[in-house]
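Here is how the chains run, residue by residue.
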Amino acid sequence: MDVKIEQTWKNALAGEFEKPYFASLVRFLREEKAAGVTVYPPGSQIFRAFDLTPVPAVKVVILGQDPYHGPGQAHGLSFSVPAGMPAPPSLKNIFKEIESDLGVQMSGCPNLVKWAQQGVLLLNTVLTVRGGQAASHSRRGWEEFTDAVIRYISDNCEGVVFMLWGNPARSKSVLVDRSRHLVLEAAHPSPLARGAYFGSRHFSQANNYLAATGRTPIDWQL
């Protein structure tokens, strides 16, 4: 099956694209399109996180759940929306935590492409969603695919920082070899967590770990 995705990821995940679950997932997405269902993000942006952060570049993985389901929001990167869109509540809280943790001033720009280009894989566990219906494409095969992504990084990369926020993301920690990588867990940045996310200091911890292992830290300031 020919999937349009960045070449290093295409090579890494070639086996997944040939599995029955992935064929079923592709068939489901085609049926949604044929039925006139609005699906986010646009098809060309479904694998954008991979296109912006090739395998050799991965330093940090930030794991989200599924794409934003409002018009113009989802563009293939977890927690990110295009410039000019209002920052969603969870992203606002992420920015507050960065300001507190690193002592920097965030501009409020909600487009996280700058992070992706520095090696932050902004990965959702589910890569598509119906417009206006959160979690509508869960349990269709995406979870199996993104679990394979996490396992591949764990097994084939060295010294990656995994930021796992909220119980669904934290449940993925079992896929990561903690002897080779840094796993940081916290509450979800959603306001529904009532501030439990604040004070986690994952951004400074990530940069300290990257520096200690001889790599350039991430410039988190936007």
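Heads up: the structure comes first, above all this text.
Residue indices begin from 1 for each chain and proceed along its sequence in written order. Reporting of local features is limited, given that this is a predicted model, to residues whose pLDDT is at least 70; pairs of side-chain atoms are given and counted only at 80 or more, and all residues count toward the totals for whole chains, interfaces and linings. Only heavy atoms go into the side-chain values, all of them from the structure, while hydrogens and water stay out.

A word on the packing of aromatic side chains
Then, number 1: When the centres of two rings from Phe, Tyr and Trp lie within 6.5 Å, Trp using its six-membered ring, the rings pair. Their planes under 30 degrees apart give stacked, over 60 give edge-to-face, and anything left gives tilted. Summed over all chains, the structure comprises 19 aromatic pairs.
Then, number 2: Ring geometry for F22 against W142: centres 6.4 Å apart, planes inclined by 85°, an arrangement best described as edge-to-face. Placement of the pair is F22 in helix α3 (residues 20-34) and W142 in helix α7 (residues 142-156), with a sequence separation of 120 residues.
Then, number 3: Residue exposure (1.4 Å probe, protein chains only): buried if accessible area is under 20% of the type maximum, exposed if over 50%, otherwise partly exposed. Judged by its relative accessible area of 2%, W142 is buried.
Then, number 4: Taken together, a centroid distance of 5.2 Å and an interplanar angle of 75° make the contact between W165 and Y197 edge-to-face. Within this pair, whereas W165 is found in strand β5 (residues 161-165), its partner Y197 is found in the loop between β6 (182-186) and α9 (202-212), the two being separated by 32 residues in sequence. Across this residue pair, the class does not change: W165 and Y197 are buried.
Then, number 5: Put simply, the rings of W9, F17, Y21, F22, F47, F50, W142, F145 and Y152 pair up and form one aromatic cluster. To qualify as a helix, a DSSP run of H or I must reach at least 4 residues; to qualify as a strand, a run of E must reach at least 2; elements of each kind are numbered from the N terminus.

Describing the pairing of β5
Then, number 1: A large share of β5 lies buried, amounting to five of its five residues.
Then, number 2: What you see with β5 is no split at all: V161, M163 and W165 on one side and F162 and L164 on the other are buried throughout.
Then, number 3: Note on pairing: DSSP must find at least two bridges between two strands before they are called paired. Relative to β5, strand β2 (residues 60-64) is paired through four bridges, and the arrangement is parallel. By the bridge assignment for β5, I62 is matched with M163.
Then, number 4: In the sheet, β5 pairs with β6 via five bridges, with the strands oriented parallel. In the strand pairing of β6, V161 is matched with L182.

Coordinates in, geometry out; function isn't part of it.
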